[in-house]
Amino acid sequence: MNKTAPRKPQHINDLPDQAISARGLDKVYRGDGGGQVHALRGIDLDIPRGGIFGLLGPNGAGKSTFINILAGLVVKSSGTASIWGLDIDREPRHARAAIGVVPQELNLDAFFSPYEMLEVQAGFYGVPPSERRTMEILDRVGLADKAQAYSRSLSGGMRRRLLVAKALVHNPPVLILDEPTAGVDIELRRSLWEFVKELNTNGTTVVLTTHYLEEAEELCDRIAIINRGQVIACDDTRALVARLDKKELRITVTEPLTALPGGLSRFTVELPDDQNLVFRYRTGETEIRDILAAISDAGLRIADLSTEEPDLEDVFLELTREASGDV
Ligand code: ADP
Ligand code: MG
């Protein structure tokens, strides 16, 4: 087991820019029957220090595989990764001491009390008894009054919080939560979000995986979208959401068209059939009235008109469709 506390930076300049960095990370699971699953296909990813980073993707995208490679629970097939500037192959113990991972599954040893569980975990990480903050951590996750309870008597939400506490015993600079709110009721979700924000405010870099767009959007300052083992987008949340600033205007004209009138070629426009024109534009760049004026200048008459605004869900679907080459 890991006996090494995270290497303390000697001075401020020792802090890495990237909390986590991966290059060409690849994973092929080989089944007993000879079948194989190519779970990660060359993941290149930088997760900056200091923020809340979201790894967003549908089930089966490879999120847990990525996390579990960092945690040392899954052996990668190829590629490199470092945590807090420490290569997971060259300095595995230091690298792993720099992260705390809250796993997706709620597996806890039912016979230990929360207090004992944290003490044992601190022992694994070589945290000396004088430096342990067991009650303080239990208090922070709202389990101080359950310190001596049997873990099997805890509710699902309490177990989730206990796993968070467990991941924090060695005071890691990076906390990774794998689907922290999957199957969790709305109230607990809110309280977990607040807790994550508070940890981050106090200096912990947080990485969370989720398949809830809304969660990523609310919590994360930067988001990578992962699909079928590949990173298909990685951007600041605001920039990603700005892709929402994409509107669609469908105009049905009264007379059939044989070709796109020249005056309309400056717009992004398609002719799905001879009586419809579909314009795609950003509100910041194009105004509806410019399009309507160009239509009128081209001598066309409008029979019908409708607009559509995609939401993050649409952007996500569009990106995942593009990535699968299915456009
Ligand atoms: P996510 O966490 O995004 O839902 P996972 O990393 O769990 O995705 O899974 C990625 C792919 O790898 C899926 O196709 C999954 O079935 C497969 N997979 C995950 N773990 C194993 C394993 N231990 N053995 C074989 N295949 C696996
Ligand atoms: Mg998962």
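See the structure above.
(A) Focus on the packing of helix 5 (residues 156-168) against helix 6 (residues 186-201). Following both chains from N to C, one finds helix 5 and helix 6 inclined at 15°, their axes separated by 11 Å at the closest point. What the angle tells us is that helix 5 and helix 6 run roughly parallel. Judged by the twist between their axes, the crossing of helix 5 over helix 6 is right-handed. Listed contacts from helix 6 to G157, R160, R161, V164 and L168 of helix 5 are L188, L192, F195 and L199. Counted by class, the contact of helix 5 with helix 6 contains six nonpolar, one polar and two charged residues.

(B) Summary view of the pairing of strand 12 (residues 268-273). Here strand 12 runs beside strand 13 (residues 276-281); their pairing, made up of four bridges, is antiparallel. Among the inter-strand pairings, V269 is bridged to a residue of strand 13, identified as F279.

(C) A look at the sheet that holds strand 11 (residues 247-253). Taken together, the four strands give an open sheet; going across it, the order is 12-13-11-14, and neighbouring strands pair in antiparallel fashion. Edge positions in the open sheet fall to strand 12 and strand 14 (302-308), since each of these has one partner strand only. With strand direction ignored, the average angle separating the axes of adjacent strands in the sheet is 20°. Two strands pair when backbone bridges link them, and strand 11 and strand 14 are joined in this way by six bridges, in the antiparallel orientation. Within strand 14, the residue paired with T252 across the bridge is D304.

(D) Here's a closer look at the coordination of the magnesium ion (ligand 2). Within the protein, S64 (OG) and Q104 (OE1) serve as the donor atoms for the magnesium ion (ligand 2), at 2.1 to 2.2 Å. Note that S64 is positioned in helix 1 (residues 63-71) and Q104 in the loop between strand 6 (99-102) and helix 3 (114-124), a separation of 40 residues in sequence. Residue Q104 is classed as partly exposed on the basis of its relative accessible area of 29%.

Conventions adopted
- Residues numbered from 1 in each chain as written.
- Chains lettered and ligands numbered in written order.
- Predicted model: local features only at pLDDT ≥ 70, side-chain atom pairs only at ≥ 80, totals over all residues.
- Heavy atoms only, no water.
- Axes fitted to C-alpha atoms, helices over the stretch in contact; angles between N-to-C directions.
- Helix = DSSP H or I, 4+ residues; strand = E, 2+ residues; numbered from the N terminus.
- Parallel < 35°, antiparallel > 145°, perpendicular 65-115°, else oblique.
- Left-handed = near helix turned anticlockwise from the far one by under 90°.
- Contact = heavy atoms within 4.5 Å.
- Nonpolar A, V, L, I, M, F, W, Y, C, P; charged D, E, K, R; others polar.
- Pairing = 2+ DSSP bridges.
- Donors = N, O, S within 2.8 Å, 3.2 Å for Na, K, Ca; no water.
- Buried < 20%, exposed > 50% of the residue type's maximum accessible area, 1.4 Å probe, protein only.

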